[in-house]
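Listed below, chain by chain, are the residues.
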Amino acid sequence: MTIENMLAARVAAAVKECYGAQVSEKEVQLQETRKEFDGDWTVVVFPFTRHSRKSPEATAAELGDYLQRHIPEIQEYNVIKGFLNLTIAPAYWIGVLNDIAATPRYGRARQPSGKRFMVEYSSPNTNKPLHLGHIRNNFLGWSVSEILRANGHDVIMVNLVNDRGIHICKSMIAWKHFANGATPESAGKKGDHFVGDYYVRFDRAYKEQVEELTKAGLSADDARERAPILLEAREMLRKWEAGDPETVALWRRMNDWVLDGFEETYRLMGVSFDKVYFESETYKKGRDLILKGLADGALYRKESGSVWADLTSDGLDHKLLLRDDGTSVYMTQDIGTAHDRFSEFDVDEEIYVVGNEQNYHFQVLALVCRKLGFEWADKIKHLSHGMVELPEGRMKSREGTVVDADDLIAEVIETARATSRELGKLDGYSEEEAEEVYRKVALGALKYFILKIDPKKTITFNPKESIDFNGNTGPFIQYTYARVRSVERKAQEAGIEIRPADPLSPLTTKEQNLVKLIARLPAVVAEAGANYSPALLANYAYELAKEFNQFYHDYPILKEENPAARATRLLLASQCAVAIRAAAAMLGMEMPERM
RNA sequence: GGUCCGGUAGCUCAGUUGGAUAGAGCAACAGCCUUCUAAGCUGUGGGUCGCGCGUUCGAACCGCGCCCGGAUCACCA
């Protein structure tokens, strides 16, 4: 039982004792005392005044008196308006610190929850390289998975690669026309960028042809429909679907180039998957489920042959599920893959990390699954995140304003390298060791920059202002960690061991604040897990780092002459590092030992 | 037009189930390195929490109405 629960229970008891009113623990409003007041915990007594029939001040004083007499940990109390501030004896906080230090893997659940989650994220198209939008999606998907794991859940991370369709054929056609047999190796390019170039090349050729046709007298609409290269792409898609060996071979070859490129980017971003699905293998799925739903009367068929779901009773429209020719659409496919997943893995929740532009799609997905009678329909959860935009608005590939993932990461690493060298921080490190630190710092900066923002919100990214390394940033958190590690190394050299704190050596206010912050980690992890919100952890890590830096500035650790005080501070610093690293790890941030 | 999401300092963002005088960072200005890492610390200035009404001891937070911005509503994925 935490002290918080204990206090709440005792406050409830106090109200009953003093005023004869039955209040539940949940009705007791207990909060951490704000810094500008004295105390550790604050009870808001306004709700009790209707029982006491006295002023808020008198009620608070009466309750405070009762609590002080009955709870040994309470050293004193003060009353300001309707707020009862309770001060806990300092020895208690030292006990908390020692308990935390003795906890293995502090910040992570000690027991498995027994629940299993599947998290789908990334889901790229294999016709162009990953961009800034994917970076947000990948960081978010990875971080949420790690947070769920920290909460004791079993997590399966999956990726659904969109590797088929007209957009893939466009790159293929352009490659056939313009590549002259070139390969990523011969061009000296990363495979995804190489293929992406041909996708762009297709668009250029297409536009030229449309323009020519328009000049020749066709209407704009006709020209767009009849451009030869587009017809070729459509023909290619037909051939692919028919299993034409030559087409399939080229498709496979080009997709492999792209996937090799993705592999590299994923490694750089530090994300991975337990299982990868390919749409080329799933795109026909769901059809049988829809036909069964039709037979059961859950769906209906139009005269032209297409199959639909009527969602008007849910306030939505009608949704197409099978085309006239009986083929599947995106929704059908997703129903099919969801069905497969729930059959294969016994998951309690299936989380799709997908941008908010698909909110409607996932709303419909859950509704149709429910309509089809699947009991797992309610386990579908869309973790919807906002887009990443430029100051001018959305990124547009046609206008070349897309911020490429590889380029951006390279740029941030360069900034980290330049900053570090300027500060001369890694003198004595080998080239390789230093590069490793630059990479960690750069990725940390990028991850924190994105994850500290509420997932729902749109992020405005200004490429002209490079990612910051000072203030409320990833590197600040990493720097704090490195500082503690440095102190620990110095302590070791001096033969000072990290040992439990002496309960008789009192903590200063600043030290108590740090202990309280560190003690909050499990609650933050739980809350972040319940809300799928890395931002909560990011803000917590920053708060802790900031508090530590102030402490570090005001209180010498190794220079402290009183051995008991020195030991306490060293332990405190050490546990700060533990908590910071735990929180940062759930954001996918790696901590350098020096920086 | 329907549905969903956002609007907090010049900029980027926090703000716990409604609680005390709304907080950080960046930018600006002024200080602090012979001391455990200055990617740090301290200080100054900066606010109609989009607007209005309501609910109550108390509203950035809850309710209703409006304003602004975005997303979405394909036999595309």
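Residues numbered from 1 in each chain as written. Chains lettered and ligands numbered in written order. Predicted model: local features only at pLDDT ≥ 70, side-chain atom pairs only at ≥ 80, totals over all residues.

Engineer: Residues and numbers for the overall build of chain A, please.
Structural biologist: The helix and strand tally for chain A stands at 21 helices and 14 strands. Each principal axis of the C-alpha distribution contributes one length, and for chain A these read about 90 × 65 × 40 Å. Taken across its 595 residues, chain A has 39% of its residues classed as buried. Long-range contacts, defined here as pairs at least 24 residues apart, represent 74% of the contacts in chain A between residues at least 6 apart. (Helix = DSSP H or I, 4+ residues; strand = E, 2+ residues; numbered from the N terminus. Buried ≥ 20, exposed ≤ 12 C-beta atoms within 10 Å, placed from the backbone. Contact = placed C-beta atoms within 7 Å.)

Engineer: Requested: an account of the sheet that holds strand E2 (residues 41-44), with residues and values cited.
Structural biologist: Within the open sheet, the 4 strands sit side by side as E1-E2-E4-E3. Their pairing is antiparallel. Looking at the sheet topology across the chains shown, the edges are occupied by strand E1 (30-32) and strand E3 (74-80). Ignoring which end each strand starts from, the neighbouring axes of this sheet average 25° apart. (Pairing = 2+ DSSP bridges. Axes fitted to C-alpha atoms, helices over the stretch in contact; angles between N-to-C directions.)

Engineer: How would you sum up helix H19 (residues 509-531)? Please name residues and give values.
Structural biologist: Between its first and last C-alpha, H19 extends 32 Å over 23 residues, near the 33 Å set by a 1.5 Å rise per residue. Considering bend angle alone, the principal kink of H19 is centred on Leu521 and spans about 35°; proline Pro522 follows within four residues of it. Two residues or fewer past H19, Tyr532 is found with a positive phi of approximately 50°. (Expected span 1.5 Å × (residues − 1). Bend = angle between axes of the 7 residues up to and from the residue.)

Engineer: Hey, could you go over the protein's contact with RNA strand B for me, with residue numbers and the actual values?
Structural biologist: Taken together, 74 residues lie around RNA strand B, and Asp454, Gly471, Tyr479, Ala482 and Ser486 are the ones closest in. If you list the elements that add at least two residues to the surface near RNA strand B, you get E2, strand E4 (83-88), helix H15 (359-371), helix H16 (405-423), strand E14 (459-460), helix H18 (474-493) and helix H20 (534-554). For the surface near RNA strand B, a count of residues per class yields 28 nonpolar, 26 polar and 20 charged. (Near = placed C-beta within 6 Å. Nonpolar A, V, L, I, M, F, W, Y, C, P; charged D, E, K, R; others polar.)

Engineer: Account for the nonpolar core, naming residues and giving values.
Structural biologist: Core analysis: the largest hydrophobic core is formed by 141 residues, its most contacted members being Leu537, Ala541, Cys576, Ile580 and Ala583. Looking at this core, the element that brings in the most residues is helix H21 (residues 563-585), giving 13 residues. Three or more residues apiece are contributed to this core by two domains, here domain 1 (3-88) and domain 2 (165-277). The contacts of Ile580, once residues within four sequence positions are left out, are Ile477, Thr480, Tyr481, Ala541, Leu544 and Ala545. (Core = buried A, V, L, I, M, F, W, Y, C linked by C-beta atoms within 7 Å. Domains from an automatic or database assignment.)

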